[in-house]
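# Working through the structure, step by step
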Amino acid sequence: MKNFNNPRISVIVPIYNTEKYLAKCIKSILNQTYKNFELLLIIDGSPDMSLEICEKFEEKDNRIIIINKANEGLEKTRRVGILHSKGEYITHVDSDDWLHKTALEKMIIAADSSKADIVIAKYFRVMDRYGVFQKASPYNIPNDLILDSQSFIRDYFIGFFGVNRFSISMWAKLYKKSFIDKIEITIGGFDLGEDLNYNIQVFPKANIIHFIDSPIYFYRFGGMTTKLNEKIIESALSMFNLKKKMIVEYNKPEYNKWIIIEMVNYIKSFVKMMIEYKRNDPVFINTSLNELFSRPEIYDVIEYSRNLENFKNDNFVKALQRQDIDTMLEIQAVVYKKEKFRKSLIRTVSNCLK
């Protein structure tokens, strides 16, 4: 029977198929310098040993609450965590990532000082499975920058439209629950982009947003994809349509340029993934790309890109405008080979330093 009923922070961890990394994640949360929190471990129908791992920790710490449910995906799993949370504030941690020991302390101090609806911290991007190679988040934001809603929309809302101003993830952030509960946040239904769908609805409504210059979160970047995610482009198109809607709602027509540039980068990534995972199936590649060209969103991207100075010397975009699949594949094949070599080098050095 739990007796920890008045936590200030609810830490929500959705879990699916991450048994290799889960113990490190949970330990990093339980070892926080700030102790007044509950830890909600939400098992999303995970087929591995994640539940057993969670139960071992639960036996030793009454701050842990395990919810074991059928698989519904990340977006709905996080909503389950929010629904069951008792904290004054909420923070999200992905189950293959981990926290610096001062993460909760630094964020709650900031929230208390400014009465912020949202606190945003920095993070480390971990480039290998062992955590040897880390890169601090690139955002150059003044420490203790405090913005009201109007200032955020004027200067930082563009961060949701493909311009890197701050991390749009749900992790490395602290949300005031009473603020979140007032907002009717629609389910995006995306297989990717769940964080953006949530935050693009939430951030413009915050009275106070507080940025702190502390990297308190360790995010495992890539490295676990072993097959083609055919839904990546569908999710990108859904996000493209959502952003167009938000551009109209907040009267930001100048942002159209940035979502076109972002969509082109998604197309480049999609073509590169085709080369990586389907290079021996040219029929599948050609069928998939021709289907892509039939989408009205891609027509908009192609037509808008013709007038953008950013693409004047971009041979991939020129091929895209001609719907020249062969040239698109050739260009991204070169990119893939370079990235494959870099990843191989990182993996080799990481294994040596393990």
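Description of the structure in this document. (Residues numbered from 1 in each chain as written. Predicted model: local features only at pLDDT ≥ 70, side-chain atom pairs only at ≥ 80, totals over all residues. Heavy atoms only, no water.)

## Describing the nonpolar core
Most often, soluble globular proteins keep nonpolar side chains buried together rather than apart. Going by this rule: Take the buried residues of types Ala, Val, Leu, Ile, Met, Phe, Trp, Tyr and Cys, join any two whose side-chain atoms come within 4.5 Å, and each joined set is a nonpolar core. Only protein chains enter the calculation, and the probe is 1.4 Å; a residue is then buried if its accessible area is under 20% of its type maximum, exposed if over 50%, and partly exposed in between. Whether two residues are in contact is decided by their heavy atoms, any of which lying within 4.5 Å being enough.
Residues Leu39, Phe152, Phe157 and Ile267 are the most contacted members of the largest nonpolar core, which totals 115 residues. When near neighbours in sequence (up to four residues on either side) are disregarded, isoleucine 267 contacts Ile233, Leu292, Ile298, Phe316, Leu320 and Met328.

## Section: the pattern of salt bridges
Note the following rule: Each reported salt bridge corresponds to a side-chain nitrogen of Lys or Arg within 4 Å of a carboxyl oxygen of Asp or Glu.
Taken as a whole, this structure holds 19 salt bridges when the rule is applied. One salt bridge connects arginine 63 with aspartate 61, and the closest N-O pair in it is separated by 2.9 Å. Take arginine 63: its relative accessible area is 11%, and that puts it in the buried class. A salt bridge links glutamate 303 to arginine 306; the nearest nitrogen and oxygen atoms lie 3.4 Å apart. For arginine 306, a relative accessible area of 44% gives the class partly exposed. Residues joined by salt bridges that share partners form a network here, namely Arg8, Glu88 and Asp112.

## Things to note about the packing of aromatic side chains
We apply this condition: Aromatic rings from Phe, Tyr and Trp, with only the six-membered ring used for Trp, were paired whenever their centres fell within 6.5 Å, and each pair was classed as stacked if the ring planes differed by under 30 degrees, edge-to-face if by over 60, and tilted otherwise. Runs of H or I in DSSP of at least four residues are treated as helices and runs of E of at least two as strands, each being numbered from the N terminus.
What the rule picks out here adds up to 21 aromatic pairs. Look at phenylalanine 152 and phenylalanine 160: their rings are 6.4 Å apart centre to centre, the planes differ by 65°, and that puts the pair in the edge-to-face class. Of the two residues, phenylalanine 152 and phenylalanine 160, neither departs from the other in class, the shared state being buried. Between the aromatic rings of phenylalanine 157 and tyrosine 255, the centroid separation amounts to 6.5 Å while the plane-to-plane angle is 55°, which identifies the pairing as tilted. Separated by 98 residues along the polypeptide, phenylalanine 157 in the loop between helix H5 (149-155) and strand E9 (173-176) and tyrosine 255 in the loop between helix H8 (232-249) and helix H9 (256-278) bring together distant segments of the chain. You'll find phenylalanine 157 and tyrosine 255 in the same group, each marked buried.

## A short note on the packing of H9 against helix H12 (residues 315-322)
We count it as follows: For helices, the axis comes from a line fit to the C-alpha atoms of the stretch in contact; other axes are also lines fit to C-alpha atoms, and the angle between any two N-to-C directions lies between 0 and 180 degrees. Angles are sorted into four bins: roughly parallel if under 35 degrees, roughly antiparallel if over 145, roughly perpendicular if 65 to 115, and oblique for all others. Ten residues, namely Ala, Val, Leu, Ile, Met, Phe, Trp, Tyr, Cys and Pro, are considered nonpolar, four, namely Asp, Glu, Lys and Arg, are considered charged, and the remaining ones, Gly among them, are considered polar.
H12 packs onto H9 with a crossing angle of 90° between their chain directions and a minimal axis gap of 11 Å. Here H9 is positioned roughly perpendicular relative to H12, judged by the angle of their axes. On the side of H9, the interface is formed by Val264, Ile267, Lys268 and Val271, while H12 contributes Phe316, Val317 and Leu320. Each residue belonging to the contact of H9 with H12 can be placed in one class, and the counts come to 6 nonpolar, no polar and 1 charged.

## Some remarks on a positive patch on the surface
Let me state the cut-off plainly: Like-charged residues within 9 Å of one another, or nonpolar side chains (Val, Leu, Ile, Met, Phe, Trp, Tyr) within 5 Å, are grouped into patches, provided each residue has over 30% relative accessible area and no salt bridge. With residues, only the protein chains shown are counted as cover, and all accessible areas are computed by Shrake-Rupley using a 1.4 Å probe. Under the counting rule used here, the positive set is Lys and Arg, the negative set is Asp and Glu, and His together with the chain ends is not counted. A single reference atom marks each charge: NZ on Lys, CZ on Arg, CG on Asp, CD on Glu.
Side chains of Lys24, Lys27, Lys56 and Lys60 sit close together on the surface and give a patch of like positive charge. On the basis of relative accessible area, lysine 60 is assigned to the exposed category, the value being 76%.

## A short note on unusual backbone geometry
The phi dihedral of aspartate 144 falls on the positive side, at around 60°, and the residue is not glycine. Mapped onto the elements, aspartate 144 comes out in the loop between strand E7 (134-136) and strand E8 (145-148). Of note in the backbone geometry, asparagine 251 takes a positive phi value of approximately 55° without being a glycine. Its location among the elements puts asparagine 251 in the loop between H8 and H9. Its relative accessible area of 61% is what places asparagine 251 among the exposed residues.

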